[in-house]
Amino acid sequence: MDKYVVEGGATLKGSVRVSGAKNSALKLMAASIMASEECVIRNVPDIADVRTMRELLVHMGLELEHESKTMRIVPSSNPRPEAPYEIVQKMRASIVVLGPILTRFGSAHVAMPGGCNIGSRQIDLHIKGLTEMGADISVLHGFIEAKAKRLKGARIYLELPSVGATENLLMAACMAKGTTIIENAAMEPEITDLAEFLLKLGARITGIGTHTLEIQGVDYLGSAEQTVIGDRVEGGTFLIAGAITRGEVKVEGLNPLHLDIVLEKMREAGCAIEVGDNWVRVSIPGELTGIEISTLPYPGFPTDLQPQMVALLSTAQGISFVTENIFDNRFMVVDELNRLGANIKTRNHHAIIHGVPRLSGAPVTATDLRAGAALVIAGLCAEGETVVHDIYHIDRGYECFEDKLRGVGAKIVRTS
Ligand code: UD1
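Residues numbered from 1 in each chain as written. Predicted model: local features only at pLDDT ≥ 70, side-chain atom pairs only at ≥ 80, totals over all residues. Heavy atoms only, no water.

I'd like a rundown of the site of the ligand, residues and numbers included.
In the neighbourhood of the ligand, 19 residues make up the surrounding shell, with Lys27, Asp124, Ser162, Asp304 and Ile326 lying closest. With respect to the ligand, the side chain of Asp124 contributes an N or O atom lying 2.6 Å from a nitrogen atom. Measuring from an oxygen atom of the ligand, one finds a backbone N or O atom of Ile326 at 2.6 Å. The protein chains hide 83% of the 740 Å² of surface that the ligand would expose on its own. If you list the elements that add at least two residues to the shell around the ligand, you get helix 1 (22-31), helix 5 (124-132) and helix 6 (163-174). Among the elements that line the shell around the ligand, the one with the most residues is helix 5, at three residues. Taken together, the residues that form the shell around the ligand break down as seven nonpolar, seven polar and five charged. (Near = heavy atom within 4 Å. Polar contact = N/O pair within 3.5 Å; in protein donor to acceptor, adjacent residues only side chain to side chain. Areas by Shrake-Rupley, 256 points an atom, 1.4 Å probe, with all protein chains shown as cover. Helix = DSSP H or I, 4+ residues; strand = E, 2+ residues; numbered from the N terminus. Nonpolar A, V, L, I, M, F, W, Y, C, P; charged D, E, K, R; others polar.)

Give a description of the environment of Glu190 that names residues and reports values.
Structurally, Glu190 is set in helix 7 (residues 189-201). Residue Glu190 is classed as buried on the basis of its relative accessible area, which comes to 6%. A C-alpha to C-alpha distance of 9.8 Å links Glu190 and Leu26, two positions 164 residues apart in sequence. Once you skip the residues sitting within four places of it in the chain, Glu190 turns out to touch Ala21, Asn23, Ser24, Ile229 and Arg232. (Buried < 20%, exposed > 50% of the residue type's maximum accessible area, 1.4 Å probe, protein only. Contact = heavy atoms within 4.5 Å.)

Let's hear about the sheet that holds strand 11 (residues 179-183): which residues, and what values?
To summarise the sheet geometry, strands pair through backbone hydrogen bonds and adopt either a parallel or an antiparallel arrangement. Pairing within the open sheet is mixed, and its four strands lie in the order 10-11-13-12. Both edges of this open sheet fall to strand 10 (155-157) and strand 12 (204-206), since each of them pairs with a single strand only. The mean inter-strand angle of the sheet, taken between neighbouring strand axes irrespective of direction, is 15°. Here strand 10 pairs with strand 11 via three bridges, running parallel. For Ile156, the partnering residue across the bridge sits in strand 11 and is Ile182. Taken strand by strand, helix 6 contacts strand 10, strand 11, strand 12 and strand 13 (212-216), and its axis lies near 25° from that of strand 13. (Pairing = 2+ DSSP bridges. Axes fitted to C-alpha atoms, helices over the stretch in contact; angles between N-to-C directions.)

With reference to specific residues and values, describe helix 8 (residues 232-244).
In this model helix 8 runs 18 Å from its N-terminal to its C-terminal C-alpha over 13 residues, within 8% of the 18 Å that 1.5 Å per residue would give. In terms of burial, helix 8 is largely enclosed, as 13 of its 13 residues are buried. Of the residues flanking the start of helix 8, the one acting as N-cap is Asp231, its side-chain oxygen 2.9 Å from the backbone nitrogen of Val233. After helix 8 finishes, the residue Arg246 shows a positive phi value of roughly 55°. (Expected span 1.5 Å × (residues − 1).)

Honestly, it's all geometry; don't read function into it.
Okay, here's the thing in structure tokens:
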């Protein structure tokens, strides 16, 4: 298995361009299942999760081509409405094909997603919403069996603004009979990207970017062409990497508004942040100091940047308090950061971070995608060598991670 060897101490300087957002590209691919004509998706990152979704669509009979970031998806004349266990267990996000398959083909056979390193991730809201739209759903032998000749519009109130449930129900509603209203919907920018793709396919949606989505079902979805938005989580990761080395890094190719609260928190900690149309630059004019952060659904602080921020705050003067409200097990990275010399204590979903003057390199293990990125970031400023094991987690969501980091001056190599 591959690992990263990071030599700490280099100050990052320069520009880095983000790839297309993983969490958007995957959903646009899932939405293509409903299209009756060819779809073209641009700025698709070449990462393991996209390859897994591609495997899933090919399994269903769709034809895919992915060259120089452009993906062409051609519908199948004889589709298989199913998602096998071997693919779903590699990537939980595969569950977002449930709504599109069911609404397009009238039945779906989708493996139940299994456990997850960042906490238990239920899918009850997906199932409840589809049931309210008239689906007959049972879970048998580890598979979700869903049937509905044609889903019908419904008023659905989400108990919590789940990203995946909002996306599944939004897609399912596009081809249901009548009007669906999703209340307390999640508002992540990737959902807006998906809704815009669906509009191009011929869907009728209002309330995009708000907590209430209204969808008038249609009989037919045609073709669409769309460029995936820049990855705000990747962008935030590089900004934090620049900050932890007390360097100056410009991140290009994203909408700075998507990082509003993150930039606000970085400023509060003492970073200087400049913002342009599609870029953000971080530099460090003085000492960094501890702050408080709580993760929340968008536009709150994203849970996907929490581990990286914890790494940064480990090197800030004073005490920081971080509360994780989205996932119940997302502090696994803390033990690994403490191996690098950080001083972090956790209690339930709170972390108390006492800033230390320096971290020291050590062997550590990535427990999930963002934890892996946080460990690399910590290694960039640790004295000596940090070896990050199990970096297949990082490959799931970061395209050319080490190349991009080397481009801004990091000393990082991948070894087997
Ligand atoms: C998506 C993102 C992930 C991000 C997360 C929160 C993708 C591929 N992944 O994950 O990177 O960290 O949003 O911003 O887009 N929940 C329930 N019942 C449900 C659904 C969710 O209780 O039916 C709970 C989950 O257990 C979790 C929380 O809600 O604790 C958030 O989950 P959700 O918003 O659904 O995240 P994902 O869509 O899985």
